[in-house]
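One letter stands for each residue in the lines below.
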Amino acid sequence: MRQYFGRKALIYALTFFVAVTINWMIPRFMPGDPIQGLVARAQVADPASVDAMRAHYTNLFGLDVPWWQQYVNFWAALLRGDMGISIWAFPTPVTDLIIRAVPYTLGLLIPAILLSWWAGNRFGAFAARRKWLDNTVLPIGYLLTATPYMWLALLLAWTLAILAGIFPVSHAYSFAVQPSWSWEFLGSLAVHWVLPFSSLFLVMFGGWAIGMRNLIIYELESDYANYLQALGARSRLVRGYAFRNAVLPQITGLALQLGTIVAGALVTEIVFSYPGIGHLILQAINNQDFFLLQGAFLFIVLGVLVANFIIDVVYTLVDPRTRIRMQGNAV
Amino acid sequence: MTQTDQIVLPAKRRGGETLHFALRNKKLLVGAFVVLAALVLAIAGPILHDVSPTEYIGVPGQAPGGDHLLGTTMFGQDVYSQFVHGLRSTFLVGLLGGGLAAVVGMVVGFVAGYRGGWVDEILNMVTNILLVIPTLAVLIIIAAYLKVRGVMVEALFIGFTSWPWAARAVRAQTLTLASRDFVDLARLSGVRTWKIITREIAPNMSSYLFMTFILLFGGAVLAAATLDFIGLGPTDGMSLGLMMNNAVKWSALQLGLWWWFVPPGIGITAVVGALYVMNVGLDEVFNPRLRET
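What counts, and where the lines are drawn
- Residues numbered from 1 in each chain as written.
- Chains lettered and ligands numbered in written order.
- Predicted model: local features only at pLDDT ≥ 70, side-chain atom pairs only at ≥ 80, totals over all residues.
- Heavy atoms only, no water.
- Helix = DSSP H or I, 4+ residues; strand = E, 2+ residues; numbered from the N terminus.
- Buried < 20%, exposed > 50% of the residue type's maximum accessible area, 1.4 Å probe, protein only.
- Contact = heavy atoms within 4.5 Å.
- Areas by Shrake-Rupley, 256 points an atom, 1.4 Å probe, with all protein chains shown as cover.
- Lys, Arg positive; Asp, Glu negative; His and termini not counted.
- Charge placed at Lys NZ, Arg CZ, Asp CG, Glu CD.
- Buried area = accessible area lost by both parts, 1.4 Å probe.
- Salt bridge = Lys/Arg side-chain N within 4 Å of Asp/Glu carboxyl O.
- Polar contact = N/O pair within 3.5 Å; in protein donor to acceptor, adjacent residues only side chain to side chain.
- Patch = residues over 30% accessible without salt bridge, like charges linked within 9 Å, V, L, I, M, F, W, Y side chains within 5 Å.
- Expected span 1.5 Å × (residues − 1).
- Bend = angle between axes of the 7 residues up to and from the residue.
- Phe/Tyr/Trp six-rings, centres within 6.5 Å; stacked < 30°, edge-to-face > 60°.
- pLDDT = per-residue confidence, 0-100.

A. Molecular detail of the overall build of chain B. Within chain B one finds 13 helices and zero strands. Reading the secondary structure of chain B in the N-to-C direction produces α-α-α-α-α-α-α-α-α-α-α-α-α. For chain B, the C-alpha atoms occupy an extent of roughly 70 × 55 × 30 Å along the three principal directions. A buried classification covers 52% of the 293 residues belonging to chain B. Contacts in chain B between residues at least 24 apart in sequence constitute 72% of all its contacts with a sequence separation of at least 6. In the structure as shown, chain B presents an accessible area of about 13,900 Å², 65% of it carried by carbon and sulfur atoms. A gap of 9 Å separates the mean positions of the 20 positive and 17 negative side-chain charges of chain B.

Shown next, in the form of structure tokens:
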């Protein structure tokens, strides 16, 4: 058991190391000079002040020391939780901005992921091998997974918010109420949450339903299912066993999909001006705020790694075979 | 029927059988039809409809059906022209990005699966690390630092970051094939590694490889759309994601200019959805167990 999780933890630690290194490398080895861009943006004509600005920015980014020392400094700052100061929301530290945005992103993502996974699996398993349902579920499911997250968000915002006026179009709560623990504020929060949540939910739902439908068909073809059927077991029972076997690849699938799902949440937030990480990233890009952008990137990587680890733990709990293999000789 | 015809038949039968089921598979046919129709539109559209997608040529905010087939944007750009040019970028990104990812994934998967040992250990480690990193986040960072971005560069970056799951899948398939008798025979008779991979292993999983490519194609299209929508799209061209980005930026939602953001989404969904449906069809054609009776 310890060996298995040790190996996993090693991979995740290495991944984090690689991600931080990429994060450090990109601005330094990219063609073009980011400082040049920052100076140019200020539109100062006087050469003396241009030089002063250059020196200031070079110092600010810590670019005036040898590269290996820059790398060590980068890690040291990171471990202190210091990701620099945002240019867009000067002088708020990047860490503060991210901590403020995280609850909104997680509040959208976690319910959307868990509910769509559960509902999609149930529905896909139910539809498999039922002629009529299968023929409707399959095309709809494929259309849903093929839909870009932001387009479904746009469609929902346009139809349900602008045309029908049922839900608000943007932001996490109405600016008429103050953030507090009052019912009024929570209600406003909930109403604003429905559309971004639904668009995330629907796209993911399609993917899980199709995945489960295909897996169930494979399982129903297998020997144990045929044998059970030959014994005269009720189809409910057979399907129950098939479902339990088909859920395992779906758990792995969830781990593989996490990156795409997070990206989907980012663009959904942008459509609804929802004040989460995606909104921060958009502001960072529009304002050339590279500290903020890189902070958000590191945070996303960290979040995905933690989620992967949780999925690993869940997998060992759900699948008895991994547990037995771990007790014997660890993989 | 003559005697010779009957002798020739068995040799040709496998290909003929696949074709027989392919032509009778509705999913495959419908999917292929939609993809081909979109491809024709992407190739012929910009040629037949010779209007610049970025030039301001008409009355701003015109609804579809007037002088302009799909109306105009808030600045008077022709939406139909943007759509067909964007569709072209979509196919370009899919082919290049998906193709590149397929090639890298296959090479890594074949080598790791066939060679085994420490080569496998290292490649597997690299694959697992890249598999966990949210690649779109990496792409966002890279694209944000690029001052000039083209469709080609975008496809290149997508291709180089989206191969890990394909490598893993190909590796698993290669492992099952590498221990078969015909591969052992080739190895015993001194055939070189590279030749065994291309002559013995790859042809036996060609259908699997093709389906992997289709999925990578769809993934690349969606990844590009996401990047473009965030505002990191091509600076010198037009794409469907960029259309949606512009529409949101200039509040097409609030102004009710639905023809600005609905067509690009339909374009992407139709192409990617049709590819996925086609993939199911292909799966049924190649895998007799899945065929509907």
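On we go from here.
B. Spotlight on the interface of chain A and chain B. Taken together, the 54 residues of chain A in the interface contact 48 residues of chain B. Summed over both partners, the interface of chain A with chain B buries about 4,600 Å², with 80% contributed by carbon and sulfur atoms. Sorting the residues of chain A by area buried against chain B places A:W151, A:L154 and A:W158 first, and these three jointly supply 13% of that buried surface. Where chain A packs against chain B, one counts zero salt bridges. Summed over the shared surface of chain A and chain B, the number is two residue pairs in polar contact (both at pLDDT 80 or more).

C. Structural context of a nonpolar patch on the surface. Residues A:L302, A:V306, A:F309, A:I310, A:V313, A:V314, A:L317 and A:V318 make up a contiguous nonpolar surface patch of roughly 640 Å² in combined accessible area. Residue position: A:I310 is located in helix 12 (residues 290-318).

D. Structural view of helix 10 (residues 235-271) of chain A. Residue and element names in this part refer to chain A. In this model helix 10 runs just 45 Å from its N-terminal to its C-terminal C-alpha over 37 residues, more than 12% under the 54 Å that 1.5 Å per residue would give. At Q257, helix 10 shows its maximal bend, which comes to roughly 50 degrees. Where helix 10 ends, the next residue or the one after it, S273, has phi of about 45 degrees, a positive value.

E. View of the pattern of salt bridges. Tallied over the entire structure, the rule returns four salt bridges over all chains. Here A:K8 ties to A:D312 by a salt bridge, and the two come within 3.8 Å at their closest N and O atoms. Highlighted residues: A:K8 in helix 1 (residues 2-29) and A:D312 in helix 12, separated in sequence by 304 residues. The exposure class assigned to A:K8 is partly exposed, which follows from its relative accessible area of 25%. The shortest N-O distance in the salt bridge between B:E284 and B:K27 comes to 2.8 Å. Linking B:E284 in helix 13 (residues 258-286) with B:K27 in helix 2 (residues 26-48), this pair joins segments that are 257 residues apart in sequence. The pair formed by B:E284 and B:K27 is uniform in burial state, with each residue classed as buried.

F. Molecular detail of the packing of aromatic side chains. Residue and element names in this part refer to chain A. The final tally for this structure, using the stated rule, is 17 aromatic pairs over all chains. For the ring pair F17 and W75, a centre distance of 6.0 Å and an interplane angle of 20 degrees mean the geometry is stacked. Of this pair, F17 sits in helix 1 while W75 sits in helix 4 (residues 67-79), placing them 58 residues apart in sequence. Since its relative accessible area comes to 40%, F17 is described here as partly exposed. Judged by its relative accessible area of 18%, W75 is buried. Here the aromatic rings of W24 and Y71 are separated by 5.0 Å at their centres, their planes lie at 70 degrees, and the arrangement is edge-to-face.

G. Region of the structure containing the environment of A:A101. One can find A:A101 in helix 5 (residues 94-127). Those residues in contact with A:A101, other than ones at most four positions away along the chain, are A:P275, A:G276, A:I277 and A:L280.

H. Molecular detail of the side chain of B:R149. Residues and elements named next belong to chain B. On the secondary structure map, R149 appears in the loop between helix 5 (135-145) and helix 6 (151-161). We note that R149 is buried and unpaired, the nearest opposite charge coming from E154 at a distance of 6.9 Å. A polar side-chain atom of R149 sits 3.2 Å from the main-chain carbonyl oxygen of L232.

I. Region of interest: the confidence of the model for chain A. Per-residue confidence for chain A gives a mean pLDDT of 83, with 92% of residues at or over 70. Mean pLDDT values for the elements of chain A range from 66 in helix 2 (residues 34-42) of chain A up to 91 in helix 5 of chain A.

J. A look at the side chain of B:S239. Structurally, B:S239 can be placed in the loop between helix 10 (206-232) and helix 11 (240-249). Those residues in contact with B:S239 that lie beyond four places of it in its chain are B:G86, B:S89, B:D228 and B:P234.

K. The confidence of the model for chain B, seen in detail. All names here are of chain B. Taken as a whole, chain B shows an average pLDDT of 83; of its residues, 93% reach a score of 70 or greater. For chain B, helix 1 (residues 3-23) is the element with the lowest average pLDDT, namely 57, and helix 3 (residues 79-115) is the one with the highest, namely 90. Contacts for the low-pLDDT stretch residues 1-12, under 50 throughout, to residues beyond four places or in other chains number one contact. Interface confidence for the predicted complex, expressed as ipTM, amounts to 0.84; the pTM equals 0.86.

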